[in-house]
Amino acid sequence: MAGEWAPIRLGDVCMKIGSGATPRGGSEVYLEAGPYSLIRSQNIYNNGFHQDGLAFIGEQHATELENVAVQKSDVLLNITGDSVARVCQVNPKVLPARVNQHVAIIRPDPAKLDPRFLRYVLVSPEMQTKLLSWAGSGGTRNALTKGMIESLEVHAPINVIEQRAIAEILGSLDDKIEANRRMNETLEAMASAIFKSWFVDFDPVRAKMEGRWRKGQPMPGLPSDMWDIFPRGFADSEIGGIPKGWSTVPSSETVEISGGGTPKTSVPDFWGGNILWYAIGDTPGAGDVFVIDTAKRITKKGLENCAAQVLPVGATIISARGTVGNLALVGTPMAMNQSCYALRGSQGFGDYYTYFATKDMIADLKQRTHGSVFDTITRDTFKTVHVISPPRELVSAFEDAVRPSMRQILLNLRQCQALASTRDLLLPKLLSGKLRVGQAETVA
């Protein structure tokens, strides 16, 4: 009967529930690219599938894991470790794929339970609480077993068409978010390409040397009045060939560096305020560049009782301990913890130039890490990495060239934030039946 809801036990409606395995040989057999993706827990997030860190395997190892082949629309659930209970659907672009032992495939019969509807049920706050409780009940390590998943009951409309309608409303919001994220990746890539062309590959210099440009003949990607700034030739330097007349300096001379801090976690009055507090886990996804929200917040009192300070919009945050080199541009004022540094351009270097220049020197910074327990970079590390010092009018031209793209990225992120808030508001109401599809369509 239309509109009727009932508990549905996953073991009764799923064609497959099971986890995978690590290929024989472990990480040694992983490929940088290959015919088969190997999906691991770091790819599974409640807000969607993340391709960062995706591993690949060859034909032989994929054949050995044929019984855990991933199909389009499969729901993937992390079943062990700190990321237990995170869930998403597979991104069809990564197929064919297999999963390792930390990820379970849940494949419902679509005639009985819509996979996309199931995914939204499993990411709902109520279900996440239940899964985390189950995972922590069995031993020293968080884990969900096949039996637990099979016994899990979801409250759903008996009519699958109604399930799909609910999933479609929530999915339309997620689709808009994903479209913005894809646009951000494109915009970031465009800005990055300009930086690389002007300040890494020195394409205008090479164009002049190879006779591909003559005075009065503008070339794409550079304002015509900037071409004269690029010389017709290179000179040797500490970092290799650079345009004649340019110089190199320690990177510490191009930025102002500040550190962060953490209020005492034992003092409740320091936490839960309205000041965003950045930690490495808040690093934005690929292409998003800016950080506009954080998992934790501190109070004014907490800020006053630690070494942290409020960072302005445009500062570049770089992680400096443990996972070195994660970057973010501050999109709204916030503080940060002591595992990071904030960089502001000085001596005429702008915010966007500073971000992309820092991104370009991460490999050099990582080579200079030290520490007996964690890889670490310090303020002195920035003194050891030399970078180019281009004419400041060219830096200013770069800021002008990429500013529209960078501002659009930030606008897209704010729209994603608003869309996610709408989705999270609708999610529990739709999944409980308190809000009907027709009512929700006017909101979404």
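In what follows, the accompanying structure is described. (Residues numbered from 1 in each chain as written. Predicted model: local features only at pLDDT ≥ 70, side-chain atom pairs only at ≥ 80, totals over all residues. Heavy atoms only, no water.)

1. Points about the overall build of the chain
Stated precisely, the cut-off is as follows: Working definition: helices are DSSP H or I runs of at least four residues, strands are E runs of at least two. Numbering for both runs from the N terminus. Residue burial is assigned from relative accessible area. The probe radius is 1.4 Å, only protein chains are included, and a residue is buried under 20% of its type maximum, exposed over 50%, and partly exposed in between. Here a residue-residue contact requires only that any non-hydrogen atoms of the pair lie within 4.5 Å. Here the accessible surface of atoms and residues is derived via Shrake-Rupley with a 1.4 Å probe, and residues count as covered only by protein chains that are part of the display. When charges are tallied, Lys and Arg are placed among the positive residues and Asp and Glu among the negative ones, while His and the ends of the chain are skipped. Taken as the charge location is NZ of Lys, CZ of Arg, CG of Asp or CD of Glu.
A tally of regular secondary structure across the chain gives 13 helices and 23 strands. Counting only C-alpha atoms and orienting by the principal axes, one finds that the chain spans roughly 75 × 55 × 50 Å. Sorting the 444 residues of the chain into buried and exposed places 50% on the buried side. Contacts in the chain between residues far apart in sequence, at least 24 positions, make up 72% of those at least 6 positions apart. Surface summary for the chain: the accessible area is close to 21,100 Å², and the carbon and sulfur share equals 50%. Distance between charge centroids for the chain: 1 Å, based on 47 positive and 46 negative side chains.

2. Focus: the packing of aromatic side chains
Spelled out, the test is: In this scheme Phe, Tyr and Trp rings, the latter by its six-membered ring, pair at centre separations within 6.5 Å, and the angle between planes marks the pair as stacked below 30 degrees, edge-to-face above 60, and tilted otherwise. Criterion for a charge above a ring: Arg CZ or Lys NZ at most 6 Å from the ring centre, at most 35 degrees from the ring normal.
Overall, the coordinates contain 17 aromatic pairs when judged by the stated rule. Ring geometry for Trp-271 and Trp-277: centres 5.1 Å apart, planes at 85 degrees, overall edge-to-face. Geometrically, the ring pair formed by Phe-356 and Phe-398 is edge-to-face, given 6.0 Å between the ring centres and 90 degrees between the ring planes. Placement of Phe-356 in helix α9 (residues 351-360) and of Phe-398 in helix α12 (residues 392-432) is noted, with a sequence separation of 42 residues between them. Pair check on accessibility: Phe-356 and Phe-398 agree, each one buried. Counting every residue linked through ring pairs, the aromatic cluster contains Phe-195, Trp-198, Phe-199, Phe-349, Tyr-353, Tyr-355, Phe-356 and Phe-398. One cation-aromatic arrangement involves Arg-86 over Tyr-45; the distance from NZ or CZ to the ring centre is 3.9 Å.

3. Remarks on the sheet that holds strand β10 (residues 103-108)
Under the convention used in this document: Two strands pair if DSSP finds at least two bridges between them. The angle between two axes is taken between their N-to-C directions and runs from 0 to 180 degrees, where each axis is a line fitted to C-alpha atoms and a helix contributes only its stretch in contact.
Taking strand neighbours across the sheet as the criterion, the four strands line up as β2-β10-β7-β8 in an open arrangement whose pairing is antiparallel. Each of the sheet's edge strands pairs with one partner strand only, and the pair in question is β2 (14-19) and β8 (87-89). The average angle at which neighbouring strand axes cross in this sheet is 20 degrees, direction not considered. Strand direction decides the pairing type here: strand β7 (residues 75-78) and β10, joined by four bridges, are antiparallel.

4. Considerations on the pattern of salt bridges
Condition: A side-chain nitrogen of Lys or Arg and a carboxyl oxygen of Asp or Glu constitute a salt bridge if their distance falls within 4 Å.
A complete count under the given rule lists 17 salt bridges for this structure. Here Arg-164 ties to Asp-114 by a salt bridge, and the two come within 3.7 Å at their closest N and O atoms. Taken together, the positions of Arg-164 in helix α6 (residues 160-199) and Asp-114 in the loop between β10 and α3 (115-123) put the pair 50 residues apart, joining distant regions of the chain. Residue class for Arg-164 comes out partly exposed when judged on its relative accessible area of 40%. On the basis of relative accessible area, Asp-114 is assigned to the buried category, the value being 11%. The shortest N-O distance in the salt bridge between Arg-116 and Asp-175 comes to 3.2 Å. With a gap of 59 residues between them, Arg-116 in helix α3 and Asp-175 in helix α6 connect regions that are remote in the sequence. Taking relative accessible area as the criterion, Asp-175 reaches 42% and is therefore assigned partly exposed.

5. Considering the nonpolar core
Stated formally: Within this scheme, the nonpolar core is defined by two criteria: the residues are buried Ala, Val, Leu, Ile, Met, Phe, Trp, Tyr or Cys, and they are joined through side-chain atoms within 4.5 Å.
Counting residues in each nonpolar core, the largest one holds 51 residues, and the members touching the most others are Phe-199, Phe-290, Tyr-353, Phe-382, Leu-394, Phe-398 and Met-406. Setting aside anything within four residues of it in sequence, one finds Phe-382 in contact with Pro-250, Ser-251, Ser-252, Ile-257, Ile-318, Tyr-341, Leu-343, Met-361, Leu-365 and Ile-377. Judged by nonpolar contacts, the second largest core, of 43 residues, contains Leu-10, Leu-113, Leu-144 and Leu-152.

6. Quick look at the pairing of strand β19 (residues 316-319)
Along β19, one buried face is formed by Thr-316 and Ile-318 and the opposite face, lined by Ile-317 and Ser-319, is buried too. Strand direction decides the pairing type here: β19 and strand β20 (residues 327-330), joined by three bridges, are antiparallel. Opposite Ile-318, over in β20, you have Leu-327 as the bridge partner. Bridge count between β19 and strand β22 (residues 340-345): four bridges; the pairing is antiparallel. Each residue of the ladder has a partner; that of Ser-319, found in β22, is Cys-340.

7. Quick word on the side chain of Thr-248
Along the polypeptide, Thr-248 turns up in strand β14 (residues 247-250). Looking at Thr-248, the relative accessible area reads 15%, which means it is buried.

8. Overview of the sheet that holds strand β21 (residues 335-336)
Read from one edge of the open sheet, three strands run β18-β16-β21, paired in mixed fashion. This sheet does not close on itself; its edge strands, each paired only once, are β18 (296-298) and β21. Examined bridge by bridge, strand β16 (residues 271-278) and β18 share four bridges and lie antiparallel to one another. Looking at the pairing, Ile-275 lines up with Ile-298 of β18.

9. Remarks on the packing of α3 against helix α4 (residues 125-135)
Stated precisely, the cut-off is as follows: Working definition: roughly parallel below 35 degrees, roughly antiparallel above 145 degrees, roughly perpendicular at 65 to 115 degrees, and oblique for all remaining angles.
Contact geometry for α3 and α4: axes closest at 5 Å, N-to-C directions at 70 degrees. In terms of axis orientation, α3 runs roughly perpendicular to α4. Taken together, the residues of α4 that come into contact with α3 (itself represented by Val-121, Leu-122 and Val-123) are Pro-125, Met-127, Gln-128 and Leu-131.

10. Describing the side chain of Asn-100
The criterion, for reference: Distance and chemistry together define a polar contact, namely a pair of N or O atoms within 3.5 Å, with one atom able to donate a hydrogen and the other to accept it when in protein, and with adjacent residues in sequence counting only for side-chain atoms on both sides.
Following the sequence through the fold, Asn-100 ends up in the loop between β9 (97-99) and β10. A relative accessible area of 4% places Asn-100 in the buried class. At a separation of 3.1 Å, a polar atom in the side chain of Asn-100 contacts the main-chain amide nitrogen of His-102. The contact partners of Asn-100, leaving out residues within four places of it in the chain, are Ser-19, Gly-20, Ala-21, Thr-22, Leu-38, Ile-39, Arg-40 and Ser-41.

11. Quick look at α12
Going by this rule: Multiplying one less than the number of residues by 1.5 Å gives the expected span of a helix. By definition, a residue's bend is the angle between the axes fitted to the seven residues ending there and the seven starting there.
Helix length check: α12, at 41 residues, gives a terminal C-alpha distance of 59 Å against a target of 60 Å (1.5 Å per residue), a fit within 8%. At Arg-403, α12 shows its maximal kink, close to 45 degrees; a proline, Pro-404, follows between one and four residues later. Backbone geometry just downstream of α12 places Gly-433 in the positive-phi region, at approximately 85 degrees.

That's the geometry; what it means functionally is another story.
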